[in-house]
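An overview of the molecular structure
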Amino acid sequence: MHALLGSIGALLLAALPLLAESYPAAEGFNADASDPRAIAIADATMEAMGGYDAWDQTRYITWRFFGGRLHVWDKWTGDVRFEHDDLTVLMNLHTRSGRAWREGRALADAELQAALDRGYRAWINDAYWLVMPYKLKDSGVALKHVGTEASEDGRPADVLELTFAGVGVTPQNKYRVWVDQETHLVSQWAFYPQASDSDPRFVGPWKNWQRHGQILLSASRGERSHTGVAVFADLPAAVFNDAQPLDDDMLSPVK
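Here is what the cut-offs are and how they apply
- The residue count restarts for each chain, going from 1 along the sequence in the order it is written.
- Whole-chain, interface and lining totals are the exception, using all residues; otherwise, since this is a predicted model, local features are given only for residues with pLDDT of at least 70 and side-chain atom pairs are given and counted only at 80 or more.
- Think of the side-chain values as coming from all heavy atoms in the structure, minus any hydrogens and water.
- Should DSSP find at least two bridges between two strands, the strands are regarded as paired.
- Numbering of helices and strands runs from the N terminus; a helix is a DSSP stretch of H or I covering at least four residues, while a strand is a stretch of E covering at least two.
- Note on classification: 1.4 Å probe, protein chains only; a residue is buried when its accessible area is under 20% of the maximum for its type, exposed when over 50%, partly exposed between these limits.
- Any two residues having at least one pair of non-hydrogen atoms within 4.5 Å are treated as being in contact.
- Looking at any residue, its pLDDT shows the predictor's confidence there, from 0 to 100.
- Put simply, a nonpolar core is a bunch of buried Ala, Val, Leu, Ile, Met, Phe, Trp, Tyr and Cys residues held in one set by side-chain atoms that sit within 4.5 Å of each other.
- Each polar contact in these results corresponds to two N or O atoms within 3.5 Å; when the atoms are within protein, one needs to be able to donate a hydrogen and the other to accept it, and residues that are neighboring in sequence are counted only if both atoms are side-chain atoms.

Where strand β7 (residues 141-150) and strand β8 (residues 156-164) come together, nine bridges link them in antiparallel fashion. What sits directly across from A142, in β8, is T163. In sequence, β7 turns back onto β8 through a hairpin of five residues, with G154 there showing a positive phi of about 90°.

Here the focus is unusual backbone geometry. Positive phi, close to 50°, is recorded for E103, a residue that is not glycine. By the secondary structure assignment, E103 is in the loop between β5 (97-102) and β6 (105-106). Using a relative accessible area of 68% as the deciding quantity, one classes E103 as exposed. Phi at N208 takes a positive value of approximately 60°, unusual for a residue other than glycine. Tracing the chain through its elements places N208 in strand β12 (residues 207-212). Using a relative accessible area of 40% as the deciding quantity, one classes N208 as partly exposed.

Here we come to the environment of L70. Within the secondary structure, L70 sits in strand β2 (residues 69-74). A sequence separation of 13 residues divides L70 from E83, and the C-alpha atoms of the two residues are 5.0 Å apart. With residues near it in sequence (within four places) discarded, L70 still touches T62, W63, R64, R81, F82, E83 and L246.

All right, on to the confidence of the model for the chain then. Chain-level pLDDT for the chain is 89 on average; 87% of the residues reach the 70-or-more range. Scored below 50 in pLDDT, residues 1-21 makes 22 contacts in the model with residues more than four places away or belonging to other chains.

With that settled, consider the nonpolar core. Generally speaking, nonpolar side chains in soluble globular proteins are found buried as a group. In terms of nonpolar packing, the biggest core is built from 57 residues, with W63, W73, L143 and L162 touching the most fellow members. The leading source of residues in this core is helix α4 (residues 109-131), at eleven residues. Non-local contacts of W73, meaning those with residues more than four positions away in its chain, are made with W55, R59, Y60, I61, W63, D79, V80, L93, W123, V131 and F240. Core analysis: the next-biggest nonpolar cluster, separate from the first, contains nine residues, L70, A230, F232 and L246 among them.

Another point: the environment of R99. Mapped onto the fold, R99 is located in strand β5. Taking the C-alpha atoms as reference points, R99 and L116, 17 residues apart in sequence, are found 7.5 Å from one another. Setting aside chain neighbours within four positions, we find R99 in contact with T88, V89, L90, L112, L116 and N241. A distance of 2.9 Å separates the side chain of R99 from the backbone oxygen of N241, its partner in a polar contact.

Okay, structure coming up:
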């Protein structure tokens, strides 16, 4: 059966470059250090998750990172709402400016800067754990196909390697990503703290792909899962400018 799926995957791979125009690389994507096969697989993955247009048109995404930290993200503007324990941060990812409160008390000066830094770093980490497959051709990424290998569930997959330059808060990291040859969805990943590392710190699955609005998102990382994953067509302005706790009826996910 796996041999058959592998043959089907090879046939599909031959057609993958036809999808390239539908998934433009971000400005600064390291095309010179990437290979055509890896790019074609990334294009097919985007298509399997709903397509670039659907991702581009998706505006609001919310989730709790493994049931804890809350993020509400406006993809179009870069505005985010971050809540964790007694801290609420309302900021813009592009300017890294905003406001923050702890137990209802507005923060200023060094306390405010520390809160903004915490919110920004948390978003960088937590968003990657939710939407990494949409970022395979992001700015600063070099993408290579390093082979075919069964993921831990036994299904044949293409393995992509991502390295980074001049982006994020930990550009020295490296990831390997298993893309299922039948579904073209990410099924597993491995994290390397240093690009030179030969052994990963961890290997984990991407499971429970579900449709949210027009796109697919995966919540499960094996033993742990993100909660409250939802996509929104519209949200009240208060979500991004009012520190008061959110009412349940303010969050109306797209069906």
